[in-house]
Amino acid sequence: MKKYISLIKASMTEGMNLFRISTKNKNTFTKFFLPIFLVLMLMGTVYFYSDLLMKELSKVNMEFVLITLFIIFTSIMTLVEGIYKSGNLLFNCKDDNLLLSLPIRRGTVLLIRVFKFYIFELLYNSVFLLPAMIVYAQYTKPSFIYYIVSLVGLLVFPIIPILVASILGTFITFVASKFKGKNFVQTIITVIFLLVILYFSYNLQNFINDIAQNASSINDLITKLYYPAGAFVELILKFNIIKLLEFILVNMVLFVLTILLMSKLYFNINSSSKSIKISKIKKDYKIKTSTPMGALIKKEFSRFINSPVFVTNAGFGLVLFILGTVLLAVKFDSFADMIIQKESTMDLDYIKSCMPVLLFGFICFTSFMTSITSSMISLEGKSFSILKSLPIKPYTIIESKVLTAVIVMIPCILLGDIIVFIRFQFDLFSIILTLLISILLPLIAETLGIIVNLKYPRMDAKNDTEVVKQSMSSSISVFIGMAIIGITIVLLYNALKANISNNTIMLAFLNIYTIIYLVLVLFLHKTCEKSFDNINV
Amino acid sequence: MIEIKNVTKKYGSNIALKNVSFKVNDGEIFAFIGHNGAGKTTLIKAIVGIHKFDEGDIIINGKSIKDNPISCKKEMAFVPDNPELYDQMKAIDFINFICDIYEIPQNIREKNIKKYAKMFEIEDKLNDTIESFSHGMKQKIALISALAHDPKILIMDEPFVGLDPKAVFDVKEIMNEMIKEGKTIFFSTHILDVAEKLCSRVAIIKKGELVKVGNMQEIKGDKSLETVFLDLEEM
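Nothing here was measured: the structure is a model prediction, and the numbers come from that model.

1. Let's talk about helix H5 (residues 135-147) of chain B
Residue and element names in this part refer to chain B.
1) Next: Between its first and last C-alpha, H5 extends 18 Å over 13 residues, near the 18 Å set by a 1.5 Å rise per residue.
2) Next: With respect to burial, H5 is a largely interior element, 11 of its 13 residues being buried.
3) Next: For H5, every residue scored as buried is listed here: Gly136, Lys138, Gln139, Lys140, Ile141, Ala142, Leu143, Ile144, Ser145, Ala146 and Leu147.
4) Next: On its buried side, H5 packs onto strand E6 (76-79), helix H3 (91-101), helix H4 (106-119), strand E7 (153-157) and helix H6 (165-180).

2. Digging into the sheet that holds E7(B)
Residues and elements named next belong to chain B.
1) Next: Sheet architecture is open: 6 strands sit in the order E6-E7-E8-E3-E9-E10, paired in mixed fashion. Both outer strands of the open sheet, E6 and strand E10 (209-215), are each paired with one neighbouring strand and no more. Across the sheet, the mean angle from the axis of one strand to that of its neighbour is 15°, orientation sign disregarded.
2) Next: One ladder, built from 4 bridges, connects E6 with E7; its direction is parallel. If you follow alanine 77 over to E7, its bridge partner there is leucine 154.
3) Next: Each of strand E3 (29-33), E7 and strand E8 (184-188) touches H6; the most contacted strand, E8, lies at about 145° to it.

3. Considering the packing of helix H13 (residues 292-305) of chain A against helix H19 (residues 394-424) of chain A
Residue and element names in this part refer to chain A.
1) Next: As a packed pair, H13 and H19 sit with axes 9 Å apart at the nearest point and diverge in direction by 55°. Between H13 and H19, the angle falls in the class oblique. Relative to H19, H13 is oriented so that their crossing is right-handed. Taking contact as the criterion, the partners of Met293, Leu296, Ile297, Lys299, Glu300, Phe301 and Phe304 in H13 are, on H19, Thr396, Ile397, Glu399, Ser400, Lys401, Leu403, Thr404, Ile407 and Val408.

4. Quick look at empty space enclosed by the protein
1) Next: By the definition in use, this model includes 5 cavities of 30 Å³ or more.
2) Next: Elements represented by at least two residues in the lining of the largest cavity include exactly helix H18 (384-389) of chain A together with E6, H3 and H5 of chain B.
3) Next: Considered class by class, the residues forming the lining of the largest cavity number 13 nonpolar, 4 polar and 1 charged.
4) Next: Taken as a whole, the second largest cavity spans an internal volume of roughly 100 Å³.
5) Next: In terms of lining, the second largest cavity is formed by A:Ser11, A:Leu89, A:Cys93, A:Asp95, A:Leu99, A:Ile112, A:Arg113, A:Lys116, A:Phe117, A:Lys462, A:Asn463 and A:Glu466.
6) Next: A per-element tally of the lining of the second largest cavity places helix H5 (residues 106-140) of chain A first, with 4 residues.
7) Next: Taken together, the residues that form the lining of the second largest cavity break down as 5 nonpolar, 2 polar and 5 charged.
8) Next: Mapping the lining of the second largest cavity onto the domain boundaries places at least three of its residues in each of domain 1 (27-274) and domain 2 (292-534) of chain A.

5. Topic: the interface of chain B and chain A
1) Next: Counting residues at the interface gives 38 residues for chain B and 33 residues for chain A.
2) Next: Of the roughly 3300 Å² buried between chain B and chain A, counting both surfaces, carbon and sulfur atoms make up 62%.
3) Next: Where chain B packs against chain A, one counts 1 salt bridge.
4) Next: With its nearest N and O atoms 3.1 Å apart, the salt bridge here joins B:Lys52 to A:Asp533.
5) Next: Counting every contact that joins chain B to chain A gives 8 residue pairs in polar contact (both at pLDDT 80 or more).
6) Next: Every element with two or more residues in the side of chain B that touches chain A is listed here: helix H2 (69-75), H3 and H4 of chain B.
7) Next: The element best represented in the side of chain B that touches chain A is H3(B), accounting for 7 residues.

What counts, and where the lines are drawn
Residues numbered from 1 in each chain as written. Chains lettered and ligands numbered in written order. Predicted model: local features only at pLDDT ≥ 70, side-chain atom pairs only at ≥ 80, totals over all residues. Heavy atoms only, no water. Helix = DSSP H or I, 4+ residues; strand = E, 2+ residues; numbered from the N terminus. Expected span 1.5 Å × (residues − 1). Buried < 20%, exposed > 50% of the residue type's maximum accessible area, 1.4 Å probe, protein only. Contact = heavy atoms within 4.5 Å. Pairing = 2+ DSSP bridges. Axes fitted to C-alpha atoms, helices over the stretch in contact; angles between N-to-C directions. Parallel < 35°, antiparallel > 145°, perpendicular 65-115°, else oblique. Left-handed = near helix turned anticlockwise from the far one by under 90°. 1 Å grid on protein atoms, 1.4 Å probe; cavity = no way out; pocket = protein on both sides within 12 Å on 5 of 7 lines; lining within 4 Å. Points joined across faces, edges and corners; volume = space filled by probe spheres on them. Nonpolar A, V, L, I, M, F, W, Y, C, P; charged D, E, K, R; others polar. Domains from an automatic or database assignment. Buried area = accessible area lost by both parts, 1.4 Å probe. Salt bridge = Lys/Arg side-chain N within 4 Å of Asp/Glu carboxyl O. Polar contact = N/O pair within 3.5 Å; in protein donor to acceptor, adjacent residues only side chain to side chain.

Rendered as structure tokens:
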């Protein structure tokens, strides 16, 4: 038992230190206060929205719906992210050689990795679930049993999503390992899985209707939709110790069974995921010349497309943007009907006239949620010393990273723009403003991302997932992005309400964002060299 | 020429290099030896501009690495002890990448890449991704990319680790060829026999302080370099 505790302890201190950064300047503010402040800010925002929702729900005595919504939301989030994270977290890690050479069962290595995955999701889910649970307690004034059940719930909720994600991640890794370009295949299969989930989410309404017809109560409906949510709601509404034990046991048994089953295949899949298929046909190598900037961008692209978790994380938002604009173009009338039904003051022409601003909001959301550069320094890992030893200015290296990211983003955003332009026939001025915004916002998001990553690099990660999804840099970038999106959307909403014209709103934002971009570039110019030097590898 | 002038490097309260000074002249092979953790890699990384240092200066062919890092780096090539290359790249793409950064014309890079790839018997592997390579093969790729741009100064950290005997022989040949052209070679090693046979001068570092520096003959006298090194370790 002692050795298992030691293993888990070593594994946790290595991989779970979210505050770990690889720079010389590790002052308390950088290391603790800023991330804690950002987490608290996010929790505060969740609390604020939970409270808003609860005000409405409490009027119809359906407070428990809030908890249900948050459980389902965090579970879907864990599942979706888990699908592309798990392959990387469970297989082909840098500590494979060490762990697999130790006198422990291979299944134990899998258990430790799934456990690490669980702990991370537990922390992440808590950021969203805790504020909702607090709001529920404030409105319903429950007995102390609620707090015990909530604690159990917090611990149990991530289990099913991570198990499903691990199974799917293992399947994707297994299939991809059979191909020569396994990273590319892994990315493609992952994206297909995510699109399938998206398709089902889109058609969820029909599915829910079917279940609703066969459900005897709302609670029965929730249970039929998602067992942990239904069981939890049942426990907080009408506590029963047997039901609590059943709730814990079902999840525990599922966990143990899944680990046992997966451990049978784990070693083989892990070994084949490492094997590199080399083409037997030897072609002559080509010696090509590029400019230093061209060479740096090529190198960044090669890193990007060879990391399934990196591509999926960045690309999924962009694919969603394009799909969203297609959907908006095709199904606009039904969306507009939905809005008109809720807001009788609006008509079809008014909603159409707001499209430039709505598209702007969508571009803002996509840009700030697609922070590619916030992982780019950390993904260099130990090879960062190659860049440091090269005769090239740090700023040029940084510039190449930002350029690579915007080369990925801007074409996708422009494609979405064109679909909307054609469908809604924007006037020339709106088109120009939208195009400028479509270039400027990704530039700001990516410049911000690289500044954050220079400040919070993580150069010793065991795999790409630790950098892309579980590092301080990527988390801070997401939090800052969320704040910018929130502020922009609130301002846009108020500007529309005040009947300010689309073009005036966009022009004003364009000016503000241009100033922000210039400030960021100046800041990067001033600090980049020092930050670059401070990174230890 | 490399001039190390009173270089001090601290990691917090820990002094990694303490007032280190010596010169490496043109046309000489200079070995830098010391036990594990003595400060060899720290000094090498400071010379090639990877690590900053707290005091002193390092002059590369008359220019300070502190003030002119880019022009200093253009004169040098660095082969690290543990070649952490870009694993996802094909070997040829990695070598091309380094040549692009050094802005090496097509004809020169073509001549050098072909020459060294043939010498290290790795020509048929250049189209493979680096992740499929062993440590020794990665080391060969690091060497080819360092040599492809004809550096005036070659700096290597434990260059022989992981190389097969034929490649070790080839590297020694390349080093001898380079000093005939008046170039400078500075490398760290634990293989004292190689240092003894190959180098004109040597420096020994212990706990961040330089304990001996000079001609091989001056340093070892009648003893072997190994004996001198072990004697110094016991002091």
